[in-house]
Protein chains: 4
Amino acid sequence: MINLDYQSRTPIYKQIVSEIERYITLGILKPKEQLMSIREMAITLGINPNTVKKAYTELEQRGIIITVSTKGTFVADDIEKLICLKKEQIIEEIRVNIAELEKLGIKKEEIIQKLQ
Amino acid sequence: MINLDYQSRTPIYKQIVSEIERYITLGILKPKEQLMSIREMAITLGINPNTVKKAYTELEQRGIIITVSTKGTFVADDIEKLICLKKEQIIEEIRVNIAELEKLGIKKEEIIQKLQ
Amino acid sequence: MINLDYQSRTPIYKQIVSEIERYITLGILKPKEQLMSIREMAITLGINPNTVKKAYTELEQRGIIITVSTKGTFVADDIEKLICLKKEQIIEEIRVNIAELEKLGIKKEEIIQKLQ
Amino acid sequence: MINLDYQSRTPIYKQIVSEIERYITLGILKPKEQLMSIREMAITLGINPNTVKKAYTELEQRGIIITVSTKGTFVADDIEKLICLKKEQIIEEIRVNIAELEKLGIKKEEIIQKLQ
DNA sequence: GTGGTCTAGACCACC
DNA sequence: GTGGTCTAGACCACG
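Computed from a prediction, not measured in an experiment: that's the story for all the values here.

Section: the interface of chain D and chain C
How big an interface is tends to be reported as the loss of accessible area on association of its parts. Taken together, the contact between chain D and chain C spans 21 residues of the former and 21 residues of the latter. At the level of elements, α4 (80-103) and α5 (108-115) of chain D are the ones that each hand at least two residues to the side of chain D that touches chain C. Among the elements that line the side of chain D that touches chain C, the one with the most residues is α4 of chain D, at 13 residues.

Rendered as structure tokens:
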């Protein structure tokens, strides 16, 4: 399910964080749903459990998942905010890119026309 | 003039490369124009000359700047290709972002409306 | 009635111990009063009976409750000592906190004024 | 400088976090001041570098310190907020404790008198 | 030398 | 079985 690029400069644990975040925002992983156990995911991905743990820890600190010792790890109850934030982030990125293009001499109308 | 983020995972020399590239595409640095000397830039930015050297080497390998021994470093004559490539890159990034937003349930028309 | 924090580093059984202790010191559970059976509490809290058992065992070892085989579990007759001890513990905690605040540059009079 | 209790239930890395936080709030470590390198502190404390790293990572995520790769780790510029927050936290703890004591039948005036 | 990442493997408490 | 912590040691990029 999770795709890893071992050649990438991006650390594996960060890739896991992004992937899980993506599955949650896309609704593939739903609120309160249980994630794979650390060991299980480590075996599935063929990596060390500590690396998975690092990813889970980061997601927990961001409030995206909840870890219950001896029980497992779960998607947080309320992740609406996360999704909204994600949307705004992406739109902001697009705005920055459009501004960059305008500086390079392309008009906004022209850009939008190309995107349609 | 050049902004560096020392906390970023992106190496300092890569950041310098991007910044100079940006100044050239934006026309702030013009073809044939002379760049700061390695030493001068190192002092200005408060970093190691080796780091600046690494950045200049990478830019030269890409054909963006030219180093003339004992004379200095200059922006290449023809940088039209670079600018075109940059434009296409940015447009591609925007396309990826729009696809991402569509997956999150926003229609393309809605996105474009927000951007105008 | 009993609040558990499954995310806490404090083991569930320790949390149960604290909670029951708290109810006794506050007079919500009175001397000689019967506690829920292990099974009942386990079901109520949605946890493993072994966990409740462990909590009851610890409370019994401290002389706070008494288990009578086939009859049930009861709050001990004399829990005056427990209450006195609890009071002293809390006052000690406050003293430590005040010392901490003094180190941060707030005078004792100022602190006490804020508390009134 | 940093005291560790290896018997404690509190993990070593959490103890390091608390200690450093304490030194900063007390002004022993000042804004922008450099912390010991990970390796140095690991050797000093006789523990594994990974454990120190874990502590530093947590402190950085809280915005208390700043890590600059290949340069070192530094106390954040602005830690005034941290200190204010700390003070409020402690005062809140005292308030909770006083409320607890009141439930146990001691009047507020009596408590404050004992503290003076 | 500095931090960043990852592995392999161990031990623990809890349930 | 689950997560939590820690160790030992390795390799990497960067400056």
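Next comes the rest of the account.
Side note on the protein's contact with DNA strand F
The environment of DNA strand F is made up of 25 residues, and the closest members are Ser 37 of chain A, Pro 11 and Ile 12 of chain B together with Ile 12 and Asn 48 of chain D. Every element with two or more residues in the surface near DNA strand F is listed here: α2 (38-45), α3 (49-61) and β2 (72-75) of chain A, α1 (12-25) and α3 (49-61) of chain B together with α1 (12-25) and α3 (49-61) of chain D. With three residues, α2 of chain A is the largest single contributor of residues to the surface near DNA strand F. Grouping the constituent residues of the surface near DNA strand F by class yields eight nonpolar, 14 polar and three charged.

Some remarks on the domain arrangement of chain A
Along its sequence, chain A is organised into domain 1 (12-78) and domain 2 (87-115). Domain 1 of chain A and domain 2 of chain A are separated by 34 Å when their C-alpha centres are compared.

Here we look at the interface of chain B and chain A
Each side of the interface is counted separately: chain B has 21 residues, and chain A has 21 residues. Of all the elements in the fold, those that place two or more residues in the side of chain B that touches chain A are α4 (80-103) and α5 (108-115) of chain B. Per-element tally for the side of chain B that touches chain A: the top contributor is α4 of chain B, with 13 residues. Grouping the constituent residues of the side of chain B that touches chain A by class yields 11 nonpolar, three polar and seven charged.

Overview of the relation of the copies chain D and chain C
Superposition record for chain D on chain C: RMSD 0.7 Å, screw rotation 175°, translation along axis 0.1 Å. Taken together, the rotation angle and the small translation identify this as a two-fold axis. For chain D, the minimum C-alpha distance to the rotation axis belongs to Ile 94 of chain D and amounts to 2.9 Å.

What counts and how
Residues numbered from 1 in each chain as written. Chains lettered and ligands numbered in written order. Predicted model: local features only at pLDDT ≥ 70, side-chain atom pairs only at ≥ 80, totals over all residues. Contact = placed C-beta atoms within 7 Å. Helix = DSSP H or I, 4+ residues; strand = E, 2+ residues; numbered from the N terminus. Near = placed C-beta within 6 Å. Nonpolar A, V, L, I, M, F, W, Y, C, P; charged D, E, K, R; others polar. Domains from an automatic or database assignment. Least-squares fit on C-alpha atoms with pLDDT ≥ 70 in both.

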